[in-house]
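Single-letter residue listing:
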Number of protein chains: 2
Amino acid sequence: MDAMSALRPEAREAPESGIVEVVNFARERGDLIPLWVGEGDLPTPDFIRVAANASLARGETFYTYQRGIPALREALARYHLRHFGRDWGAERHFVTGSGMQAIQLAVQAVAGAGDEVIYPEPAWPNFPAAIGIMGARAIPVPLDFSPNGWTLDIDRLFAAVTPRTRAIYLNSPSNPTGWMADKETLAAILEEVRRRGLWIVADEVYSRFVEGEAARAPSFMDVSDPDDLILYVNTFSKNWAMTGWRIGWLSAPPAMGQVVENLIQYSTSGVAQFMQHAALAALDEGEEFLALQRQRASAGRTIVEARLAATGRIRYAPPQGAFYLFFGIDGQSDSRDTAKRIVAETGVGLAPGIAFGAAGEGFLRLCFARSARQLETAADRLADWIAR
Amino acid sequence: MDAMSALRPEAREAPESGIVEVVNFARERGDLIPLWVGEGDLPTPDFIRVAANASLARGETFYTYQRGIPALREALARYHLRHFGRDWGAERHFVTGSGMQAIQLAVQAVAGAGDEVIYPEPAWPNFPAAIGIMGARAIPVPLDFSPNGWTLDIDRLFAAVTPRTRAIYLNSPSNPTGWMADKETLAAILEEVRRRGLWIVADEVYSRFVEGEAARAPSFMDVSDPDDLILYVNTFSKNWAMTGWRIGWLSAPPAMGQVVENLIQYSTSGVAQFMQHAALAALDEGEEFLALQRQRASAGRTIVEARLAATGRIRYAPPQGAFYLFFGIDGQSDSRDTAKRIVAETGVGLAPGIAFGAAGEGFLRLCFARSARQLETAADRLADWIAR
């Protein structure tokens, strides 16, 4: 029997990332401006790398706590107190080998074969894919597009609940749309899941990247209790330019601590101590760098939005958070094809909207968390291409 | 609804590691000699740490290849050519975030709800636990103990196959027993799975730790073709004292490359580049250190075995590979209780045999990959305890 036929169907049929597909199409092209992945252009700042080096130099290369080293869990508690006003303690925070792994652990905790999880779409494709690998079904509920903003029809979200539903996954601010749930929406979703005994998987990874004066996006932490059935998935990647490190965290009701420890034990068995010391430095000393990141993204957005809007040939809703412009081009409905032609003809790498589900078709995602100069060049090339 | 009741049953019921249970029982005890986990006492050697630091200093902190950086995959191909005589190319090797993750990916590839996987027991408990989290069933087949060695009744192994069986997991040399499959056994298992269209998950993590003159243990690579349905799981942890790093590799038929990439994408999305440069140094420059590790383990075994056997009150089979003594003490049948009393009364940490399944009950696992001085002290304390 050949390998592909012998594989478990859920593994064989796990989708290739539609983003990676376009990246691979043009990875080797010269003069490329890569705006297709959710990653800035700054390397991890020195003070974080130094903390990793120091731990390595101390010989901290042995097995450690599955849940994360106590110092980092305490730092996560301080971070949440500082920025979310919640003094919920260190025991609810668990260190994971990426935000993606936090999602995988959350999925393993709540959904298996025959179960369903509901999520608004367009959405980062890795969430529904992780659901599929567990043998569960991810049920998309489309956000509605208008130039005034993407909106979530909450009644439609609730109407998707069936006896098989185990959780609602909510990513706010949203990758790729920039949609952001207000506090009332979060409270309404919480009320519904409380009534039905469902879980929320809260992906608030872009919480600190919001437009305007607010310090952060509304959070389920604003409206919930510590024992609510909410699994928060988060990452060090975006705030502190640590995309390549693969470290994140999961926050969960403390009662399930042993379960989370077991799920970590049987996945990757924890995160390197020297990685955790780097993350600790990021939390405790990283606010200045994060402010710089946010300011760069905001400036980047202004550049890209102004130049593309001036073509008069794009449609988009101004993002309320995260660091993406999610836009359509008049006359271009096949986003995979469009993204490939754009990168081939201009060298600007964009992610095709179809990678974020059917509700994303016709759109393209552009990451603007990068240098103004690079974004100006990219915007000029794109505007020329659009105006042809 | 409370969190524990609302969890997926397979998550709620994932077993706590029976090793960690005893470790937690006495983690804070003073004057502890920790022989309970599969970890030596040497930190990662300098040349490996230096390679990680150099990569960090180069600013290699961005997303990278999901399958692993090409240079490391090439080094894995060289390593397998050098030590296993197989020139099977780089495309079959995938970098993972620990040997444990390689196991998890292998499980996800072959077994889901309703499926069964067969494995000889006693066994490292993380494998059956990973199977359980996927909603599949791990079916143990006991190895038979005699003071001349543990033996696998291969007919009994095959008799456990049912229409639901998807794979056989074989760990050789075995943790915890030190049992090692000979080439004829490997060939017979391969023949059977070929006939039935089953997978082998080959855990050859301890391949380089064997007693006597042989450079390595017999491997499925000695008897198979590159396209056989075999998933090799491996780790940098044991050979190069990198337990705390969490980096390993999976080797698989190249035809399933995209599937493995997808499974990695939706688990942890890859391994940090600076980790991979450390692993590359380990493969290319690590033979001298590995020889030292093996020599220390061999010396350690001699110390422990001589001293404990002299009590006349232990039973064990001389290990053929790996670095554990798996022994029972006359009159002690409850291994969890015995391990707790021993650590409380002597400060020597041992893993209870029951942690490795019912077939391990009555035994204790001692890791001898440590300094002679420490092992002498531990063996003296244990011998005194046994002789009381």
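The rules behind each value
Residues numbered from 1 in each chain as written. Chains lettered and ligands numbered in written order. Predicted model: local features only at pLDDT ≥ 70, side-chain atom pairs only at ≥ 80, totals over all residues. Least-squares fit on C-alpha atoms with pLDDT ≥ 70 in both. Contact = placed C-beta atoms within 7 Å. Domains from an automatic or database assignment. Helix = DSSP H or I, 4+ residues; strand = E, 2+ residues; numbered from the N terminus. pLDDT = per-residue confidence, 0-100. Nonpolar A, V, L, I, M, F, W, Y, C, P; charged D, E, K, R; others polar. Core = buried A, V, L, I, M, F, W, Y, C linked by C-beta atoms within 7 Å. Buried ≥ 20, exposed ≤ 12 C-beta atoms within 10 Å, placed from the backbone.

1. Considering the relation of the copies chain B and chain A
Superposition of chain B onto chain A requires a rotation of 180 degrees combined with a translation of 0.0 Å along the rotation axis, giving an RMSD of 0.0 Å. Such a combination of turn and shift is consistent with a two-fold rotation axis. A symmetric contact is evident, with 100% of the interface residues of chain B recurring at the interface of chain A.

2. What to know about the domain arrangement of chain A
Residue and element names in this part refer to chain A. Here chain A is described as being made up of domain 1 (3–44 + 288–387) and domain 2 (46–286). Computed from C-alpha atoms alone, the centre-to-centre distance between domain 1 and domain 2 is 23 Å. Contacts between the two partners involve 33 residues from domain 1, matched on the other side by 41 residues from domain 2. When contributions to the side of domain 1 that touches domain 2 are tallied by element, the ones reaching two or more residues are helix H2 (9–12), helix H12 (287–309) and strand E10 (324–329).

3. Examining the environment of B:Arg341
By the element assignment, B:Arg341 lies in helix H13 (residues 335–346). A sequence separation of 44 residues divides B:Arg341 from B:Trp385, and the C-alpha atoms of the two residues are 9.9 Å apart.

4. Comments concerning the confidence of the model for chain A
If pLDDT is low for a region, its predicted coordinates should not be looked at in detail. This prediction gives chain A a mean pLDDT of 97; 100% of its residues lie at or above 70. For this predicted complex, the interface confidence comes out at an ipTM of 0.97, alongside a pTM of 0.97.

5. Description of the interface of chain B and chain A
At the junction of the two partners, chain B supplies 69 residues and chain A supplies 69 residues. Listed by contribution, the elements that provide at least two residues to the side of chain B that touches chain A are helix H1 (3–6), helix H2 (9–12), helix H4 (46–57), helix H6 (99–110), helix H7 (126–133) and helix H10 (257–265) of chain B. Tallying contributions element by element places H6(B) first for the side of chain B that touches chain A, with 6 residues. The residue makeup of the side of chain B that touches chain A, split by class, is 34 nonpolar, 25 polar and 10 charged.

6. Remarks on the nonpolar core
If you look at the biggest cluster of nonpolar residues, it comprises 267 residues, and the most contacted ones within it are A:Ile200 and B:Ile200. Ignoring sequence-local partners within four residues, the contact set of A:Ile200 consists of A:Ala167, A:Ile168, A:Leu170, A:Ile189, A:Val193, A:Phe220, A:Leu229 and A:Ile230.

7. Section: unusual backbone geometry
Residues and elements named next belong to chain A. Look at the link from Glu121 to Pro122: it is a cis peptide, with omega at 10 degrees. With respect to the secondary-structure elements, Pro122 resides in the loop between strand E3 (116–121) and helix H7 (126–133). Here the bond from Ser172 into Pro173 is cis, since omega is -10 degrees, no more than 30 degrees from zero. With respect to the helices, strands and loops of the structure, Pro173 is situated in the loop between strand E5 (165–171) and helix H9 (183–196). Of note in the backbone geometry, Ser98 takes a positive phi value of approximately 115 degrees without being a glycine. Among the structural elements, Ser98 can be located in the loop between strand E2 (93–96) and helix H6 (99–110). For Ser98, a count of 28 C-beta atoms within 10 Å translates into the label buried.

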